[in-house]
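# Observations on the three-dimensional arrangement
Chain by chain, the residues:
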Amino acid sequence: MSLFDRIVVASIPMIPKFVVGKVAAPYVAGESLEDGLRTARALNSKGIMATMDVLGEFVHEKDKAEASVKQYLDLIAGIARDKLDANISVKLTAMGLDIDPQYVRQNVRKIMSAASGHGMFVRIDMEDSPRTDETIRIYREMRQESRCGLVVQAYLKRTSDDVRKLCEEGPSNFRLCKGIYVEPEAIAYKGKQEIRDNFMLLLDQMFTAGAYVGIATHDEYLTKAAEELIKKHKLTRDKYEFQMLLGVKPDLRDALVSRGHRLRVYVPFGESWYGYCTRRLKENPAIAGYVAKAMIGLN
Ligand code: FDA
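Below is a short write-up of the structure.

Rules used in this analysis
- Residues numbered from 1 in each chain as written.
- Predicted model: local features only at pLDDT ≥ 70, side-chain atom pairs only at ≥ 80, totals over all residues.
- Heavy atoms only, no water.
- Phe/Tyr/Trp six-rings, centres within 6.5 Å; stacked < 30°, edge-to-face > 60°.
- Buried < 20%, exposed > 50% of the residue type's maximum accessible area, 1.4 Å probe, protein only.
- Near = heavy atom within 4 Å.
- Polar contact = N/O pair within 3.5 Å; in protein donor to acceptor, adjacent residues only side chain to side chain.
- Areas by Shrake-Rupley, 256 points an atom, 1.4 Å probe, with all protein chains shown as cover.
- Helix = DSSP H or I, 4+ residues; strand = E, 2+ residues; numbered from the N terminus.
- Nonpolar A, V, L, I, M, F, W, Y, C, P; charged D, E, K, R; others polar.
- Right-handed = clockwise from strand over helix to strand, strands pointing away.
- Pairing = 2+ DSSP bridges.

Applying the stated criterion across every chain yields a total of two aromatic pairs. Pairing Y240 with F242 gives two aromatic rings, centres 6.1 Å apart and planes at 85°, and the pair type is edge-to-face. A single burial state applies to Y240 and to F242, both of which are buried. Between the aromatic rings of W273 and Y274, the centroid separation amounts to 6.0 Å while the plane-to-plane angle is 80°, which identifies the pairing as edge-to-face. Here Y274 falls in the partly exposed class, since its relative accessible area comes to 25%.

On to the site of the ligand, then. Residues in contact with the ligand amount to 24 residues; listed here are only the nearest, M126, K178, G179, T217 and H218. Measuring from an oxygen atom of the ligand, one finds a backbone N or O atom of G179 at 2.6 Å. Calculation on the ligand without its partners gives an accessible area of 920 Å², and the protein chains cover 84% of this total. When contributions to the shell around the ligand are tallied by element, the ones reaching two or more residues are strand 4 (148-153), strand 5 (173-177), strand 7 (240-245) and helix 11 (273-283). Looking at the shell around the ligand element by element, the count peaks at three residues for strand 7. Counted by class, the shell around the ligand contains 11 nonpolar, six polar and seven charged residues.

For the rest of this paragraph, the subject is the pairing of strand 5. Of all five residues in strand 5, five are buried; the element is thus mostly enclosed. On strand 5, burial covers both faces: N173, R175 and C177 on one face and F174 and L176 on the other are all buried. Handedness of the β-α-β unit built from strand 4, helix 7 (residues 159-169) and strand 5 comes out right-handed. Relative to strand 6 (residues 212-216), strand 5 runs parallel, the two sharing four bridges. Each residue of the ladder has a partner; that of F174, found in strand 6, is V213. Remark: the strand 5/helix 8 (residues 192-208)/strand 6 crossover connection has right-handed handedness.

Bear in mind that shape data such as this cannot, by itself, settle questions of function.
The structure is reproduced here in structure tokens:
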């Protein structure tokens, strides 16, 4: 990261909201349910599937968790009504994970049961490491009743063990990603290449165990290695999919689709777009230059 990028990233909290909105607009479908559904429809028309996320996380009040559940119920109804090729992704902290263990389960069950009513799959996003155990426990319980899958993070040293145990217990469905939170060195790989190496070890482990995998990355090194592994395991296209975030690397996305892979785009929408966008900006300092330009009105 250049010094300039570091300075801009460190200054993100001070950047006016409208500038963040302008720069980060490609990463969010909009504020309303209709914005989200429209984006999913546009992706579907290009042969791309969607997983939809109502923005919001780390909720500590029950009324906010309930508002989130309600938005998901409306989303499920909207996807079903419009017959979209889309499923949903949920963050357990938006459902009350930090409020009460029984309460979050009640909320997740409401969503799972509404989704199941339409034969819809639910992906449980993985958040930061203090929440990993409970997130896995909830996935274990929910998968007895509903079609759902879990996100696992290649940067965590524990992930291979978690994957082994889950695969031994039953059919598993994972989204494999590098991981987005800042974690202590004691529990997480830090080097770019060691995270990639673990990503590929995990992918091989999952394919060998017969798990379904959403390969979630924009790293061309990994998409290439994954394509080779898919060939090596002689997998048909219904056994895996690639996944990417809305607005990130559309060229790579289109290239994967043109080579015959199934691809799903993560479509976030909602009023809590600001936190998501600032995280995207921090994650990709190359965007810092665009922030600077937007601030002085060049784009
Ligand atoms: P890397 O970060 O090396 O990016 C490769 C290249 O892609 C970069 O050089 C850049 O050009 C581009 N790029 C990547 N991210 C970008 C961005 N945000 N904006 C602009 N350009 C970008 N994490 C997590 O902890 N829990 C979760 O539940 C999820 N869920 C999830 C779903 C989906 C569908 C995806 C694609 C990712 C996640 N993630 C996640 C995030 C994931 O852990 C990771 O932080 C990002 O995908 C970035 O990692 P890459 O593998 O893309 O590599």
